[in-house]
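In case you want the letters, here they are:
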Protein chains: 2
Amino acid sequence: MAKLLTGKEVSAALADDLAPRIERLSAVGVTPTLAIVRVGVRPDDLSYERTACKRAEALGLAVRRFELPADAPQGELEAVIDAVNADDGIHGCLMFRPLPPSMDERAVCDRLAPEKDIDGIGSASLAGVFADTGEGFPPATARACLETLDFYGIPVKGKRVVVLGRSLVIGRPVAMMLLARHATVTLAHSRTEDAAAHTREADIVVCATGRARAFGPEYFAPGQTVLDVGINFDEAGNLCGDVDFDAVEPVLGPEGAITPVPRGLGGVTTTVTMAHVVQAAEAGQR
Amino acid sequence: MAKLLTGKEVSAALADDLAPRIERLSAVGVTPTLAIVRVGVRPDDLSYERTACKRAEALGLAVRRFELPADAPQGELEAVIDAVNADDGIHGCLMFRPLPPSMDERAVCDRLAPEKDIDGIGSASLAGVFADTGEGFPPATARACLETLDFYGIPVKGKRVVVLGRSLVIGRPVAMMLLARHATVTLAHSRTEDAAAHTREADIVVCATGRARAFGPEYFAPGQTVLDVGINFDEAGNLCGDVDFDAVEPVLGPEGAITPVPRGLGGVTTTVTMAHVVQAAEAGQR
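As recorded in an unreviewed UniProt entry, chain A goes by Bifunctional protein FolD and comes from Adlercreutzia caecimuris B7. Entered under Sequence similarities (unreviewed entry) in the UniProt record, the comment concerning chain A runs "Belongs to the tetrahydrofolate dehydrogenase/cyclohydrolase family." Taken verbatim from the UniProt record of chain A, the Function (unreviewed entry) comment is "Catalyzes the oxidation of 5,10-methylenetetrahydrofolate to 5,10-methenyltetrahydrofolate and then the hydrolysis of 5,10-methenyltetrahydrofolate to 10-formyltetrahydrofolate."

Spelled out as structure tokens, the structure:
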């Protein structure tokens, strides 16, 4: 069967790298601190918030939560962002999105100081990932894909990668990060004719459309590496990815590899978020 | 033979669109004005500066030139950018690059006000083209590609596009603009293995590597559209594109199309630059 690229080991390796760095910060009186900003009480957000808080605690990071009612005016949220920016005790900020439709989400995202934008939501971070300007951070999910490939020793340079989905949270940024690592990258999406013809020719396929089990065996070929970024629920309420795992895994064969859902990239993303907070705290010491 | 996508007609159509707009601005006392900022006296820059000044004059735009010696300190250039930003009589700014290696080019580019960044060099413009934030302008060369496709009625939506070259001036931005128009886009480059295998499968190929006649007939197939962004000089000193035109044109066949060099995208780029200045002047009236 195909190699399972489970996230636990990747997270553990990242945590091993973080431990001495967090200790060094602690020695100078700094606890890397994540601000979580949430507008409203969406169950998905609350669930991820719990996960993030647990992971932060396990690693020795602090979390400060800022909660606003779903009908908060934009000015109130902006005041929170300004307070986060001004507070030297906060090193990184995670803000749940989408914001309520009444708000100008781009303006709010751009208000966050780039050096605290650990999930890559502001224009400076977007320019950073597009143009290697070195500002801000890439979205944590995009970096989680790269960390997973690296941990499992899957080469990227010169390889053919097809990214399914072109969102700003994952599709476009991960494409740019893979391009910077010298992959040949194709961005495919809902308007792509015969996407399967593209993906079957790839060495690595990144599935990031957010559609439950949308990609069946006809999209894949033996020996490929498949990164499934999807976190969806099927009609029965079961967590599943964008890939129809049970049907696809046998197609990939013993030389192939695939991230499962759950137990795949989701946990790595959480750890990468914490790694970004630590990195931001370190940068603040310089 | 393949259809020749000459630039003259595209420029003329753009100019026809600009004329009444420039007149309306003139009626309220506004002459759209381009600042050209040049450090040193590179022959290429001087040549393009003459071309730009002539085109501006023909269209009824004004040009203000800011020249600095090649050894000017960064602070002096920054003072010029600040003056450009502060001057309500200047609507757009074209700064020749690369800057001298002693300068922090990214910092200088980011200093230019996004609303005057008519060649898309600042991070805000880069984020704009990557993320559709609406800030700044795309690089003029990238927009010239889209204008040429549109003028000649070549569809983009759902088509396979391969972009050869991943520079920030053209490769990456034009890829993002084509993606936004629903093309399936592959970014190939110097590390791509067997780039010809990619390009032969494409509907549209954008050649943007800056290597004289680097792409011969083996890269192309009948019926394709080829956009040659290269402006190179061969060993004999003749202007030529990235495509080996004489060898490639017959391969494309009567259903194919190609931009020549010279007489192709270069002139369109100059006109797009002017169109961006007019757009900036109009935005300044709102």
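There's plenty left to go through after this.
So, about the sheet that holds strand β2 (residues 33–39) of chain A. Residues and elements named next belong to chain A. Ordered in space as β3-β2-β4, the three strands form an open sheet in which the pairing is parallel. Each of the sheet's edge strands pairs with one partner strand only, and the pair in question is β3 (62–68) and β4 (92–95). Between one strand and the next, the sheet's axes are offset by a mean angle of 20°, whatever the strand orientation. Pairing of β2 with β3 involves seven bridges; the strand directions are parallel. Residue pairing in the sheet places L34 in a bridge with V63 of β3. Here helix α3 (residues 74–86) sits on the sheet and contacts β2, β3 and β4; the angle it forms with β3, its principal contact strand, is near 160°.

Its place among the elements puts L146 of chain A in helix α6 (residues 140–151). If sequence neighbours within four positions are ignored, L146 of chain A has contacts with V174, M177, L178 and R181 of chain A.

Quick look at the pattern of salt bridges now. Counted according to the given criterion, the structure contains 29 salt bridges over all chains. Among the ionic pairs, R21 of chain A bridges to D17 of chain A, the shortest N-O distance being 2.7 Å. You can see R21 of chain A and its partner D17 of chain A sitting in helix α1 (residues 7–27), four residues apart, about one turn around the helix. Residue R38 of chain B is joined to E67 of chain B by a salt bridge in which the shortest nitrogen-to-oxygen separation is 3.3 Å. Here E67 of chain B lies in strand β3 (residues 62–68) and R38 of chain B lies in strand β2 (residues 33–39), a separation of 29 residues in the sequence.

What counts and how
Residues numbered from 1 in each chain as written. Chains lettered and ligands numbered in written order. Predicted model: local features only at pLDDT ≥ 70, side-chain atom pairs only at ≥ 80, totals over all residues. Heavy atoms only, no water. UniProt positions renumbered as here; feature names shortened; annotations may be inferred. Pairing = 2+ DSSP bridges. Helix = DSSP H or I, 4+ residues; strand = E, 2+ residues; numbered from the N terminus. Axes fitted to C-alpha atoms, helices over the stretch in contact; angles between N-to-C directions. Contact = heavy atoms within 4.5 Å. Salt bridge = Lys/Arg side-chain N within 4 Å of Asp/Glu carboxyl O.

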